[in-house]
Amino acid sequence: MRREPTARQLRLATELRRLREAAGLTARQAAALLGVSPAQITHIESALAGVSEQRLRRLASHYACTDEEFIDSLVCMATDRTRGWWEEYRGLLPTSFLDLSELDHHSRFQYNVAILVVPGLLQTESYARAVYATRIPELTQEELELRVRHRLARRVILEGPSPVPLDVVIHEAALRIMVGPRAAARAQLAHILEVSEADHINVQVVPFELESFSWGASTMAYLGGSVSKLDTVIRDAPTGAMYVDAEDQLASYRARYQKVKAMAFGPERSRDLILRLTKEL
């Protein structure tokens, strides 16, 4: 029995429950088809227990799921034993940090909309330290340094021979707000200009001059899964990160992102604006 399932394990459990409910079966009926106790189905659908590939495929068959690509993706989630770099932070940082790193690792692409703060994957060390330094309640120096080190380590998905494509739309407000000292703000803008030259990183800016943008003023991170059904949207909430994974909501966020992207300056014009802001500092 697991004491603290990861976000990825919880997602697998959620998808298995959705398949069962779509088939019109109760947990007791599913247990009877599998030849196990109802408690075992409950544990699997609560992510308190894992499920083998054989049992998962049998469940999918009983649920009349014919989407082979989706089933194969669920099997990968169920059998994955990856112990990534984030494991060194277990017990040192809240599990939400580890969950984010695991989702990063398995993402096929990422879309970001940032309104007031530069996206974490693009933050410099000084900028990240300034962000965490303003947290309430105040962090100890050790807690702050751990968070900064973790944030910088997340960049690994943007490096190497097969980097994750990153598409970012940043509002001009996030570029102008000086989270830390002027020198740190200037270095942050310079870093965005530098990384935006990479083929797999696209940065676009929403200028202040854009009219009727209030509907799009919402920060989000959209992480692409192995299939679109397994995409995840991460939203900031007062109580912490909020994960969105319902298929209709995912479609809504995809459409919202494309609309925001279409309204933003193109990459070259965005670079010109960032360069101008850098010189103003």
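Going by the structure above, here's the rest.
How each quantity is defined
Residues numbered from 1 in each chain as written. Predicted model: local features only at pLDDT ≥ 70, side-chain atom pairs only at ≥ 80, totals over all residues. Heavy atoms only, no water. Phe/Tyr/Trp six-rings, centres within 6.5 Å; stacked < 30°, edge-to-face > 60°. Buried < 20%, exposed > 50% of the residue type's maximum accessible area, 1.4 Å probe, protein only. Helix = DSSP H or I, 4+ residues; strand = E, 2+ residues; numbered from the N terminus. Salt bridge = Lys/Arg side-chain N within 4 Å of Asp/Glu carboxyl O. 1 Å grid on protein atoms, 1.4 Å probe; cavity = no way out; pocket = protein on both sides within 12 Å on 5 of 7 lines; lining within 4 Å. Points joined across faces, edges and corners; volume = space filled by probe spheres on them. Nonpolar A, V, L, I, M, F, W, Y, C, P; charged D, E, K, R; others polar. Polar contact = N/O pair within 3.5 Å; in protein donor to acceptor, adjacent residues only side chain to side chain. Contact = heavy atoms within 4.5 Å. Axes fitted to C-alpha atoms, helices over the stretch in contact; angles between N-to-C directions. Parallel < 35°, antiparallel > 145°, perpendicular 65-115°, else oblique. Left-handed = near helix turned anticlockwise from the far one by under 90°. Expected span 1.5 Å × (residues − 1). Patch = residues over 30% accessible without salt bridge, like charges linked within 9 Å, V, L, I, M, F, W, Y side chains within 5 Å. Areas by Shrake-Rupley, 256 points an atom, 1.4 Å probe, with all protein chains shown as cover.

Considering the packing of aromatic side chains
Summed over the entire model, instances satisfying the criterion amount to six aromatic pairs. A ring pair is formed by Trp85 and Tyr89, whose centres lie 6.1 Å apart and whose planes are at 90°; its orientation type is edge-to-face. For Trp85, a relative accessible area of 25% corresponds to the partly exposed category. With centroids separated by 4.9 Å and ring planes inclined at 40°, the aromatic side chains of Phe109 and Tyr111 adopt a geometry described as tilted. Using a relative accessible area of 24% as the deciding quantity, one classes Phe109 as partly exposed. The structure contains a cluster of three or more aromatic residues connected by ring pairs, namely Phe109, Tyr111, Tyr222 and Tyr257.

Side note on the environment of Ser96
Relative to the helices and strands, Ser96 is located in helix H6 (residues 95–106). We classify Ser96 as partly exposed; its relative accessible area is 35%. Separated by 62 residues in the primary sequence, Ser96 and Leu158 place their C-alpha atoms 20 Å from one another.

Considerations on the pattern of salt bridges
One pass over the full model with this rule turns up 21 salt bridges. Ionic pairing is found between Arg271 and Glu197, a salt bridge with its closest N-O pair at 3.4 Å. Taken together, the residues span a long stretch of sequence, with Arg271 in helix H12 (residues 267–280) and Glu197 in the loop between helix H10 (182–195) and strand S3 (201–206) at a distance of 74 residues. Classification of Arg271 as partly exposed rests on a relative accessible area of 23%.

Considerations on the layout of surface pockets
The calculated volume of the second largest pocket comes to roughly 580 Å³. Mapped onto the lining of the second largest pocket, the elements with two or more residues apiece are helix H1 (7–22), helix H5 (68–79) and H6. Partitioned by chemical class, the residues of the lining of the second largest pocket number six nonpolar, four polar and 11 charged.

Describing unusual backbone geometry
In most cases, non-glycine residues show a negative phi, while peptide bonds are predominantly trans. In this chain, Ile136 is followed by Pro137 through a cis amide linkage whose omega measures 0°. The topology assignment puts Pro137 in the loop between helix H7 (125–133) and helix H8 (141–153). Its identity is not glycine, yet Ala47 carries a phi of approximately 65°, on the positive side. Among the structural elements, Ala47 can be located in the loop between helix H3 (38–45) and helix H4 (53–62).

Quick look at the side chain of His150
With respect to the helices, strands and loops of the structure, His150 is situated in helix H8. Accessibility expressed as a relative area gives 2% for His150, which makes it buried. A distance of 3.2 Å separates the side chain of His150 from the backbone oxygen of Phe97, its partner in a polar contact. Excluding anything up to four places from it in sequence, His150 contacts Trp85, Tyr89, Leu93, Phe97 and Ser101.

Digging into the packing of H4 against H5
Axes are the key here: two packed helices are described by the angle between their axes and the distance separating the axes. Orientation of H4 relative to H5, taken along the N-to-C sense of each, is 150°, at an axis distance of 10 Å. As judged from the angle between their axes, H4 and H5 are roughly antiparallel. Seen along the crossing, H4 lies across H5 with a hand that is right-handed. Taking contact as the criterion, the partners of Glu53, Leu56, Arg57 and Ala60 in H4 are, on H5, Glu68, Ile71, Asp72, Leu74, Val75, Ala78 and Thr79. When its residues are assigned to classes, the contact of H4 with H5 shows six nonpolar, one polar and four charged.

Topic: H10
Over its 14 residues, H10 extends 20 Å from the first C-alpha to the last, a length consistent with the 20 Å expected when each residue adds 1.5 Å. Where H10 is buried, its residues contact H7, strand S2 (166–171), helix H9 (172–176), S3 and H12.

Some points on a nonpolar patch on the surface
Residues Leu116, Val117 and Ile177 make up a contiguous nonpolar surface patch of about 240 Å² in total accessible area. If you trace the backbone, Ile177 turns up in the loop between H9 and H10. Note on Ile177: relative accessible area 38%, which makes it partly exposed.

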